[in-house]
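# Working through the structure, step by step
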Amino acid sequence: MSLHQGPRPSRDGDRDRRRLAVNPFHAAANPLGGMTEAPPAHRLPDSPLPPETAYRLVHDELMLDGNARLNLATFVTTWMEPQAGVLMSECRDKNMIDKDEYPRTAELERRCVAMLADLWHAPDPSAAVGCSTTGSSEACMLAGMALKRRWALRNADRYPAKDVRPNLVMGVNVQVCWEKFCNFWEVEARQVPMEGDRFHLDPQAAAELCDENTIGVVGILGSTFDGSYEPVADLCAALDALQERTGLDVPVHVDGASGGMVAPFLDEDLVWDFRLPRVASINTSGHKYGLVYPGVGWALWRDAEALPEELVFRVNYLGGDMPTFALNFSRPGAQVVAQYYTFLRLGREGYRAVQQNARDIAGSLAQRVAALGDFRLLTRGDQLPVFAFTTADGVTAYDVFDVSRRLREGGWLVPAYTFPPHREDLSVLRVVCRNGFSADMADLLVADLERLLPELRRQSGPLTRDKGAATGFHH
Ligand SMILES: *Cc1c(COP(=O)(O)O)cnc(C)c1O
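As the structure is a computational prediction, the values presented were derived from the model and not from experiment.

Here the focus is the packing of aromatic side chains. Evaluation of the coordinates by the stated rule reveals 15 aromatic pairs. Measuring from centroid to centroid gives 6.1 Å for Trp178 and Phe181, while their planes differ by 70°, and the two rings are edge-to-face. Of the two residues, Trp178 and Phe181 both sit in helix H6 (residues 176-184), 3 residues apart, roughly one turn of that helix. For Trp178, a relative accessible area of 0% corresponds to the buried category. Here the aromatic residues Trp178, Phe181, Phe184 and Trp185 are joined through ring pairs into a cluster of three or more. For the cation-ring pair, Lys288 lies above Phe75, with the distance from its terminal atom to the ring centre recorded as 5.1 Å.

What follows is about unusual backbone geometry. For the bond running from Tyr159 to Pro160, omega is 0°, close enough to zero to count as cis. Inspection of the secondary structure puts Pro160 in the loop between helix H5 (136-154) and strand E2 (167-171). The phi dihedral of His121 falls on the positive side, at around 60°, and the residue is not glycine. Here His121 lies in the loop between helix H4 (103-119) and strand E1 (129-133). With a phi close to 55°, Glu186 is a non-glycine residue in the positive phi region. As for its position among the elements, Glu186 is in the loop between H6 and strand E3 (188-192).

At a minimum axis distance of 10 Å, the contact between helix H10 (residues 334-371) and helix H12 (residues 439-457) shows a crossing angle of 15°. In terms of orientation, H10 lies roughly parallel with respect to H12. Handedness of the H10/H12 crossing: right-handed. Of the residues in H12, those touching H10 at Ile361, Leu365, Arg368 and Val369 are Ala439, Ala442, Asp443, Leu445, Val446 and Leu449.

Taken in spatial order, the 4 strands of this open sheet run E10-E11-E13-E12, and their pairing is antiparallel. The sheet terminates laterally at strand E10 (375-377) and strand E12 (416-418), the two strands that pair on one side only. With strand direction ignored, the average angle separating the axes of adjacent strands in the sheet is 40°. Looking at chain direction, strand E11 (residues 386-391) and strand E13 (residues 427-432) are connected through 4 bridges and run antiparallel. Bridge pairing in E13 places Val386 opposite Val432.

This part is about the sheet that holds strand E5 (residues 252-255). Ordered in space as E1-E7-E6-E5-E4-E2-E3, the 7 strands form an open sheet in which the pairing is mixed. Each end of this open sheet is capped by a strand with a single partner; those strands are E1 and E3. Averaged over all neighbouring strand pairs, the angle between strand axes comes to 20°, with direction disregarded. Both E1 and strand E7 (residues 297-301) contribute to a ladder of 5 bridges, which runs antiparallel. Within E7, the position partnered with Gly130 by the bridge is Leu300.

Attention now goes to the site of the ligand. Around the ligand there are 13 residues in total, and Ser136, Ser137, Asp255, His287 and Lys288 lie nearest to it. One nitrogen or oxygen atom from the side chain of His287 is found 2.6 Å from an oxygen atom belonging to the ligand. Side-chain polar atom of Lys288 to an oxygen atom of the ligand: 2.8 Å apart, as the coordinates give it. Look at the ligand: alone it shows 380 Å² of surface, and the protein chains cover 90% of it. Split into classes, the residues belonging to the shell around the ligand amount to 3 nonpolar, 8 polar and 2 charged.

Glancing now at the state of the cysteines. Applying the stated criterion across every chain, the model contains 0 disulfides. Cys177 forms no disulfide, and the closest cysteine sulfur to it belongs to Cys140, at a distance of 3.7 Å. Unpaired in terms of disulfides, Cys210 finds its nearest cysteine sulfur in Cys236, a separation of 11 Å.

It is at 10 Å that the axes of helix H11 (residues 400-407) and H12 come closest, and there the two elements cross at 125°. Between H11 and H12, the angle is such that the two are oblique. As H11 runs across H12, the sense of the crossing is right-handed. Across from Asp402, Val403, Arg406 and Leu407 in H11, the residues of H12 making contact are Leu445, Asp448, Leu449, Leu452, Glu455 and Leu456. Residue composition of the contact of H11 with H12, grouped by class: 6 nonpolar, no polar and 4 charged.

Right, let's get into the nonpolar core. Grouped together as the largest cluster of nonpolar side chains are 61 residues, with contacts concentrated most on Val217, Leu239 and Val279. With 9 residues, H10 is the single largest residue contributor to this core. Of the residues that make up this core, three or more belong to each of domain 2 (83-342) and domain 3 (358-470). When residues no more than four places from it in sequence are discounted, the contact partners of Val279 are Val232, Cys236, Val252, Val254, Trp272, Asp273, Phe274 and Arg302. In terms of nonpolar packing, the next biggest core, distinct from the first, is built from 33 residues, Val369, Phe437, Leu445 and Leu456 among them.

Reading the values: rules and limits
- One numbering rule holds for all chains: residues counted from 1, following each sequence as written.
- The predicted nature of this model means local features are confined to residues of pLDDT at least 70 and side-chain atom pairs, given and counted, to a pLDDT of 80 or more, with totals for whole chains, interfaces and linings taken over all residues.
- To obtain the side-chain values, all non-hydrogen atoms of the structure were included, while hydrogens and water were left out.
- Two rings belonging to Phe, Tyr or Trp (six-membered ring only in the last case) form a pair when the distance between their centres is within 6.5 Å. Interplanar angles under 30 degrees mark stacking, angles over 60 mark edge-to-face geometry, and anything in between is tilted.
- Numbering of helices and strands runs from the N terminus; a helix is a DSSP stretch of H or I covering at least four residues, while a strand is a stretch of E covering at least two.
- The cut-offs for exposure are 20% and 50% of the maximum accessible area for each residue type, with area from a 1.4 Å probe on protein chains only; residues under the lower value are buried, those over the upper are exposed, and the others partly exposed.
- Geometrically, a lysine NZ or arginine CZ counts as sitting over a ring once it is within 6 Å of the ring centre and also within 35 degrees of the ring normal.
- Fitting a line to C-alpha atoms yields each axis, with helices limited to the stretch in contact; the angle taken between N-to-C directions then spans 0 to 180 degrees.
- Convention used here: angles under 35 degrees read as roughly parallel, angles over 145 as roughly antiparallel, angles from 65 to 115 as roughly perpendicular, and any remaining angle as oblique.
- Whether a crossing is left-handed or right-handed is set by the direction in which the near helix is turned from the far one by less than a right angle, anticlockwise for left-handed and clockwise for right-handed.
- We call two residues in contact whenever any of their non-hydrogen atoms come within 4.5 Å of each other.
- When DSSP finds two or more bridges between a pair of strands, those strands are recorded as paired.
- For this description, a residue counts as near a given molecule or strand if any of its non-hydrogen atoms is within 4 Å of it.
- For the purposes of these results, a polar contact is taken to be a pair of N or O atoms within 3.5 Å, where, inside protein, one atom must be able to donate a hydrogen and its partner to accept one; residues adjacent in sequence count only when each atom of the pair is a side-chain atom.
- Computed by Shrake-Rupley with a 1.4 Å probe, the accessible areas treat only the displayed protein chains as cover when residues are assessed.
- Nonpolar residues are Ala, Val, Leu, Ile, Met, Phe, Trp, Tyr, Cys and Pro. Charged residues are Asp, Glu, Lys and Arg, and all others, Gly as well, are polar.
- Criterion for a disulfide: a pair of cysteine sulfur atoms within 2.5 Å.
- By convention a nonpolar core is built from buried Ala, Val, Leu, Ile, Met, Phe, Trp, Tyr and Cys residues, the set being connected through side-chain atoms within 4.5 Å.
- Each domain's extent is set by a domain assignment, obtained either automatically or from a database.

What follows is the structure, encoded as structure tokens:
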């Protein structure tokens, strides 16, 4: 969560002054008698408010939030069927950790893990182990911890020692969760830079960064920056060759936050998952192309050997003795139930139809953006239903940050951002097509771009000064 500071003092220096405005209709309707007083914004009010008044205050303030369906920045699900909403509200009070109290919720979680193990071709689905998480970030922390512990167990004769530092190899395009993992768990992040028109990891370069302290290599399906799939099979082959040469046996984790729920349905011939013996673990975000509202992710290990037993906790104080592997303890059960509902509801064919529709829309939208003449595509939306584009050579009157800012006038959130090393010179716009972003909405977006372009072309040069504030890059 954002790290918030306390209230800034208001102009007259009194931070207690700031009060919420109560509509006189609600103020006068106080069932406790008298007029409802305006509650302070930054202190707990002294006395209760009637529920309707409290509801209005919160509801009205939230009207200023953006429209989730017009948010083309996020990968996270913004629409589910009403039936899923009903199930989720029925499970609001279920705590995922109370597996003894809610054994059926626990069973649905277990079935989801089994379905994913099958979908990702675990050689023996009954041997695969896995769990739900709050999202891919937690799943990546768990997978990274398993890699680190396995490496530490293999190197017990020389670690821990002052001069031995474990490292994790990845592309510079990793999602921020991997930088967090390395920071929090004191692992060196060895990043393969971008090079020319290669915007993700290069298998050979990754293998060259490996040494006896490498706990693993992360492959991403697909990249947050441009939606491209990293070549996981080639990465495994490069590491096979490394092992032949040097004896180093480096496992791979696949960060399938988005692609883990796209590739199995649309790219069945693409070999990226447990079919590759070197792939030890995989994560996905249930709340991205898993099509569930936020807070659910999944982490799976190929077999029990890939997840050291000593990381697994058993507690008996909730009754029962269920092994768990998680960073947090209590967690809502609703999202896991919604994931199971969606698996059951769509099946393979349903998921294929939904993801194909998103990819079709991404592909045709990318083509139409290219046809406008002012832009150059970096990706075409044919892997993740996501594409990135930049301004064409010769466009000097405006930049991608101007486009992002002007699109906001129509309610569209299309982020603009700079690429990481060695392509900091490149700034792009990115469009994420999700379920709920229809072909009709894509038409409206193109129409808005067509309307804006003549004005942008008349600018004397790029105008957006505060580039970060204008856009906001949503991983
Ligand atoms: C979104 C994303 C994450 C983080 O996932 P959350 O579910 O938001 O925690 C990690 N890796 C990749 C590649 C992602 O796209």
